[in-house]
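Residue-level structural notes
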Amino acid sequence: MTEGADAARQPLSGIRVLDFTTLLPGPMATLLLAEAGAEVIKVERPGQGDELRVYPPPRWGGGGDTGAFALMNRGKRSVTLDLKDPMDRARLMPLIEGAQVLVEQFRPGAMARLGLDYDRVAAVNPALVYCSVTGWGQSGPMADRAGHDLNYIAETGLLDLGARADGVPVPPPGLIADIGGGALPAVINILLALREAERTGRGRHLDIAMADGVMTWQWWAQAAEQVTGRAPAPGGGLLAGGSPRYRVYRTADDRLLAVAPLEQRFWDIFCETIALPEELRDDSRDPEATAAAVARIIAETDAAEWERRFEGRDACVTVVRSVADARHHPHFIARGLFAASVTDGDAEMPALPVPIDPSFRRPPERRAYPRLGEANADLLPPAAND
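Residues numbered from 1 in each chain as written. Predicted model: local features only at pLDDT ≥ 70, side-chain atom pairs only at ≥ 80, totals over all residues. Heavy atoms only, no water.

Looking now at the confidence of the model for the protein. Mean pLDDT for the protein: 93, with 97% of residues reaching 70 or above. Note on residues 1-5: pLDDT under 50 across the span, and three contacts to partners over four residues away in sequence or across chains. (pLDDT = per-residue confidence, 0-100. Contact = heavy atoms within 4.5 Å.)

Below is the structure:
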């Protein structure tokens, strides 16, 4: 099958997305759209572009940009425009008129000051789906406040649910608000709005607030608090370390086992495998006594031996692996998670796995990320002084 015919099978083939976003939430959302076939055009500032081009991790390839930027922007295109310049905004208008989706990540009111707010853009392209991704939303007392992922999970109560022994929460290594509260809700709502626009010919303005999206991630704590009047204590509750059935235990060789046999049938198998004394298997009597006994038993044996003992047994036990180990794990290799790649000239590295079903994507392939402004000549009318 030719590349063109294969691309035509993608569900978002023919959809043009204008991406005014930087760093993580918006670029992650538009990466998912690009992997499903959309043409994504990054609109960047001349000279600097997306801040992620210079953020760590280190520079990669020959283009002077970071590996993080390359992973996040695989397959997109880039144009550079000074949005504060009326002449450059005029050059942008043909792209707006021909786009189906616009994604922006400025604070509320910033696009209006540039003359690019939803009402003015919809006047020239009524079917446009216009998605605004912010920390606190387009309205409310905190709408104009600066913030990052840690602030959003702190303000919404999620951070309080996980704590170390000293009571201080550990910032989670996954950016829950940026991705789970921002990027993924943005994609879901963009697809819903595109479906609506197909039927009605009208787009809409989507207000995606990362803090709002975080609330969904604490469903279990919300249920507990609303029913009993008490949220789980920090480091407590079934899913935040309060149960011996959902914890991380240290092995004899100083590695870690993730133990999650929540259901009774899994817990029974786990207890049998580690030979937990019968009087401690009913963990409702004294959870901490059971957890302490489990910790002592796990600490007597190396991680590899525990892996061998649990092999083929449904006990929900896995070894805590490094990022590098996970990338080379036979399971993920067999599923082709890292088969695609992002390129920069002769440099190549595995592309970021994304939650798009393989049947919606092109076969694994090498795709470049965009150099700053590389598509100006192809996509923009000439500047007045050209």
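The rest of the description comes next.
Bringing the packing of aromatic side chains into the picture now. All told, the structure shown has seven aromatic pairs when counted by the stated rule. When the centroid spacing of 5.7 Å and the interplanar angle of 80° are considered together, the rings of Phe69 and Tyr369 count as edge-to-face. Pair noted here: Phe69 is in helix H3 (residues 67-72) and Tyr369 is in the loop between strand E12 (366-368) and helix H16 (376-379), with a separation of 300 residues, a long-range link. We classify Phe69 as buried; its relative accessible area is 0%. When its relative accessible area of 5% is taken as the criterion, Tyr369 is described as buried. (Phe/Tyr/Trp six-rings, centres within 6.5 Å; stacked < 30°, edge-to-face > 60°. Helix = DSSP H or I, 4+ residues; strand = E, 2+ residues; numbered from the N terminus. Buried < 20%, exposed > 50% of the residue type's maximum accessible area, 1.4 Å probe, protein only.)

With that settled, consider the environment of Tyr130. You can see Tyr130 is positioned in strand E5 (residues 129-134). Looking at Tyr130, the relative accessible area reads 1%, which means it is buried. When the C-alpha positions of Tyr130 and Asp378 are compared, they lie 24 Å apart, and in sequence the two are 248 residues distant. For Tyr130, the residues in contact, after removing those within four places along its chain, are Leu102, Glu104, Met111, Leu116, Asp117, Tyr118, Val121, Arg204, His205 and Leu206. At a separation of 2.7 Å, a polar atom in the side chain of Tyr130 contacts the main-chain carbonyl oxygen of Leu116. (Polar contact = N/O pair within 3.5 Å; in protein donor to acceptor, adjacent residues only side chain to side chain.)

In strand E10 (residues 341-344), alternate side chains face the same way, and those of Ser341 and Thr343 on one face and Val342 and Asp344 on the other are all buried. For E10 and strand E11 (residues 347-350), the ladder comprises four bridges, and the chain directions are antiparallel. Considered in E11, the bridge of Ser341 is made with Pro350. What sits between E10 and E11 in their antiparallel hairpin is a turn of two residues, with Gly345 showing a positive phi close to 65°. Two strands pair when backbone bridges link them, and E10 and E12 are joined in this way by three bridges, in the parallel orientation. Of the residues in E12, the one forming a bridge with Thr343 is Ala368. (Pairing = 2+ DSSP bridges.)

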